[in-house]
Amino acid sequence: MSKVNVVLGTFYGDEGKGKIIDYLSEKADASIRCSGGNNAGHTINVDGKKYAFHLIPSGILNRDTKAIIGNGVVIDPKVLIQEIEELKAGGYTVDNLYISDKAHIIMPYHVMMDKLQEELRAKNKIGTTARGIGPCYSDKFERSGIRVEDFISDKFEEIARNNIEKKNKIFAMYGKEKLDVESTVAQYKEYANYLRKYVVDSVDMLHELLESDKDIVCEGAQATLLDIDFGNYPFVTSSNPTIGGVCTGTGIGPKYIGEVYGVLKAYSSKVGEGMYMTEQDNETGDLIRELGHEYGTTTKRPRRCGWLDLVALKYAARINGLTGLAINHVDTVGKLDKIKLCVAYEYDGEKTMRFSTNNDYLNKCTPIYEEFEGNFGDLSGIKRREDLPENARKYLDRIEEIVKVPIKFIGTGADRNDMIIVE
Ligand code: GDP
Ligand code: IMO
Ligand code: MG
């Protein structure tokens, strides 16, 4: 029986999942996105060309790999069509794309509602990506969502009309402009016609692949500390980017899961509001942001930057049952003179490795740092862990020693090939 290897974010997103997925997909028969929507931005650099995917699985660049958008994903059809068109313009046929019939559709009223809710939260705003993600998942669970299978059916017009009219009542209540029913329905019927040919029963497709011993890789979006259950609520996204979301977002049981790779950066970053224990809201954070080009792939917002937090990483390892780590941006952190690594928290005068997303607890914790020598030098072309400079090896060894999960991938640059695969 073949297994599904999984790639998940361990922190607040943007750890470089796209690059790891791209690598794993090369050898896989299929790659599948299981949760989130176009709040994600996954970057892959190939031969100096940069691809940023929001909805299409990062495995798409490998033409022989089926790229599936799973049932747990919420799809903005306009954004998906744009991505398909961009790929076609770049010479890709996109014949290897498949969309689950059970995924949900983001409608314009979801985006409008996302913005309205942020406005109403005022000083307590979450800092969402304003892509309609939360409202779309809310409708899914409230059972008024629009599934892809309905989107491409004759039922769509009536469902959409009803939904828009209901939402318009809410917009009117808050003095907001209404959404035009007729033009929206007409536009979205066009989108449905465009996307129809990509729609499949993804559950059946996945199991057919598994039963024929095909290799599948699952692409997580967002990350552990953004998880609706295990993240820093309410400063989270509206799905489960952790391991459970892989099963519910694709329709496979735990027995099919093989390796679970947790992706992290050799430092850390976050977009949006909420607690961030190792944030460096100072010159160091500014320097990391510049060295790592830490500006959002989706919203272009400058990312908050800081040191790697092993207490949080250990939590991610526990929640997801990580079997391996993928550490990116080792080159970036190696440009600093000194690197700090959070190895524990101090709570009530005691050293602890306990992480909790409870803000009262975190507010009473102070990170304990160990300092490492930076200046790793040029890492380009290095293909074996043992060939890394001593300072880099010491830093990586310490991470592995504390978290007790083996390092399987080491990112030494942004390009697809800038990676050490640890045997
Ligand atoms: P994702 O959302 O987890 O896929 O990550 P993003 O694509 O949003 O952000 C990761 C950024 O880091 C992208 O700009 C990547 O090109 C870049 N990147 C990934 N790995 C490395 C690495 O090892 N070194 C450097 N310098 N850049 C990297
Ligand atoms: P990838 O897959 C970083 C953050 C937003 C905000 C919070 C809620 O590229 O790692 P949402 O729009 O989801 O309701 O916003 O979650 N967020 C991300 N931050 N990377 C992402 O995805 C993110 N997806 C959502 O910034 O704080
Ligand atoms: Mg990203």
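Before reading further, recall that the structure is shown in the block above.
Residues numbered from 1 in each chain as written. Chains lettered and ligands numbered in written order. Predicted model: local features only at pLDDT ≥ 70, side-chain atom pairs only at ≥ 80, totals over all residues. Heavy atoms only, no water.

## Section: the coordination of the magnesium ion (ligand 3)
No. 1: Protein coordination at the magnesium ion (ligand 3): the donors are Asp14 (OD) and Gly41 (O), at 2.0 to 2.1 Å from the metal. Of this pair, Asp14 sits in the loop between β1 (4–9) and α1 (17–27) while Gly41 sits in the loop between β2 (30–33) and β3 (42–46), and the two are 27 residues apart along the sequence.
No. 2: The class for Gly41 is buried, based on a relative accessible area of 9%. (Donors = N, O, S within 2.8 Å, 3.2 Å for Na, K, Ca; no water. Helix = DSSP H or I, 4+ residues; strand = E, 2+ residues; numbered from the N terminus. Buried < 20%, exposed > 50% of the residue type's maximum accessible area, 1.4 Å probe, protein only.)

## What about the sheet that holds strand β20 (residues 419–421)?
No. 1: If you walk across this open sheet you meet the ten strands as β9-β7-β5-β2-β10-β1-β11-β15-β19-β20, and the pairing is mixed. Strands at the two margins of the open sheet, each flanked by one partner only, are β9 (199–200) and β20.
No. 2: Where β2 and strand β10 (residues 216–219) come together, four bridges link them in parallel fashion. The partner of Arg33 across the bridge, within β10, is Glu219.
No. 3: Its contacts with the sheet place helix α8 (residues 202–211) against β1, β2, β5 (66–69), β7 (97–100), β9 and β10, and it is angled at close to 145° to β5. (Pairing = 2+ DSSP bridges. Contact = heavy atoms within 4.5 Å. Axes fitted to C-alpha atoms, helices over the stretch in contact; angles between N-to-C directions.)

## Section: the site of ligand 2
No. 1: Contacts to ligand 2 come from 20 residues, most closely from Lys17, His42, Thr129, Gln222 and Thr237.
No. 2: At a separation of 2.7 Å, an oxygen atom of ligand 2 approaches a polar side-chain atom of Lys17.
No. 3: Here an oxygen atom of ligand 2 sits 3.5 Å away from a polar atom, N or O, in the main chain of Gly127.
No. 4: In isolation ligand 2 exposes 550 Å². Once the protein is present, 98% of that is buried.
No. 5: Split by residue class, the shell around ligand 2 holds seven nonpolar, ten polar and three charged. (Near = heavy atom within 4 Å. Polar contact = N/O pair within 3.5 Å; in protein donor to acceptor, adjacent residues only side chain to side chain. Areas by Shrake-Rupley, 256 points an atom, 1.4 Å probe, with all protein chains shown as cover. Nonpolar A, V, L, I, M, F, W, Y, C, P; charged D, E, K, R; others polar.)

## Looking at a nonpolar patch on the surface
No. 1: A grouping of Leu120, Ile170, Met173 and Tyr174 is seen on the molecular surface, where their side chains present a nonpolar patch of about 390 Å² in accessible area.
No. 2: Mapped onto the secondary structure, Ile170 falls in helix α6 (residues 156–173).
No. 3: With a relative accessible area of 32%, Ile170 lands in the partly exposed category. (Patch = residues over 30% accessible without salt bridge, like charges linked within 9 Å, V, L, I, M, F, W, Y side chains within 5 Å. Salt bridge = Lys/Arg side-chain N within 4 Å of Asp/Glu carboxyl O.)

## Observations concerning the site of ligand 1
No. 1: Close contacts around ligand 1 come from 20 residues, with Lys17, Gly41, Thr43, His329 and Asp331 the closest.
No. 2: In this structure, an oxygen atom belonging to ligand 1 sits 3.0 Å away from a side-chain N or O atom of Asp14.
No. 3: Between an oxygen atom of ligand 1 and a main-chain N or O atom of Gly16, the distance comes to 2.8 Å.
No. 4: In the complex, the protein chains occlude 92% of the 590 Å² of accessible area that ligand 1 would expose alone.

## Observations concerning helix α11 (residues 310–320)
No. 1: Most of α11 sits out of view: eight of its eleven residues are buried.
No. 2: For α11, the N-terminal cap is Asp309; the gap from its side-chain oxygen to the backbone nitrogen of Val311 is 2.9 Å.
No. 3: Looking at the residues trailing α11, positive phi occurs at Gly321, about 60°.

## Points about the packing of helix α3 (residues 108–121) against helix α4 (residues 133–142)
No. 1: Contact pair α3 / α4: the axes reach a minimum separation of 7 Å and the direction vectors enclose 115°. Relative to α4, the element α3 lies roughly perpendicular. The handedness of the crossing between α3 and α4 comes out as right-handed. Along its contact with α3, which presents Tyr109, His110, Met113, Asp114 and Gln117, the element α4 presents Ile133, Pro135, Cys136 and Asp139. (Parallel < 35°, antiparallel > 145°, perpendicular 65-115°, else oblique. Left-handed = near helix turned anticlockwise from the far one by under 90°.)

## What about the environment of Leu388?
No. 1: Tracing the backbone shows Leu388 in the loop between β18 (365–373) and α14 (390–403).
No. 2: With sequence-adjacent residues up to four places away left out, Leu388 is seen in contact with Leu379, Ile382, Arg393, Leu396, Ile410 and Ile420.

## Digging into unusual backbone geometry
No. 1: Here Tyr233 and Pro234 are connected by a cis peptide whose omega angle stands at 5°.
No. 2: Note on placement: Pro234 falls in the loop between β10 and α9 (243–248).
No. 3: Here Val94, not a glycine, exhibits a phi torsion of approximately 60°, which is positive.
No. 4: Along the chain, Val94 turns up in the loop between α2 (77–89) and β7.
No. 5: Residues other than glycine seldom take positive phi values, yet Arg143 does so here, at roughly 75°.
No. 6: Considering the arrangement of structural elements, one finds Arg143 in the loop between α4 and α5 (148–151).

## Things to note about a negative patch on the surface
No. 1: Together, Asp201, Asp204, Glu208 and Glu211 make up a negatively charged patch on the protein surface.
No. 2: Position of Glu211 among the secondary structure elements: in helix α8.
No. 3: The exposure class assigned to Glu211 is exposed, which follows from its relative accessible area of 64%. (Lys, Arg positive; Asp, Glu negative; His and termini not counted. Charge placed at Lys NZ, Arg CZ, Asp CG, Glu CD.)

## Things to note about the nonpolar core
No. 1: With 54 residues, the main nonpolar core has Val6, Val246, Leu310, Leu325, Ile327, Tyr395 and Ile399 as its most contacted residues.
No. 2: The dominant element in this core, judged by the number of residues it contributes, is α14, at six residues.
No. 3: Both of domain 1 (4–99 + 201–261) and domain 3 (263–421) provide at least three residues apiece to this core.
No. 4: Not counting residues up to four positions away in its chain, the partners in contact with Leu325 are Gly262, Leu264, Leu313, Ile399, Val405, Pro406, Ile407, Lys408 and Phe409.
No. 5: Counting residues in hydrophobic clusters, the runner-up holds 44 residues, among them Val94, Tyr188, Ala192 and Tyr198. (Core = buried A, V, L, I, M, F, W, Y, C linked by side-chain atoms within 4.5 Å. Domains from an automatic or database assignment.)

## Description of the state of the cysteines
No. 1: In the structure shown here, the tally under the stated rule is zero disulfides.
No. 2: Free of any disulfide, Cys136 has its nearest cysteine sulfur in Cys34, 16 Å distant.
No. 3: Note on Cys136: relative accessible area 1%, which makes it buried.
No. 4: The thiol of Cys342 is not disulfide-bonded; the next cysteine sulfur, from Cys365, is found 9.5 Å away.
No. 5: For Cys342, a relative accessible area of 0% corresponds to the buried category. (Disulfide = S-S within 2.5 Å.)

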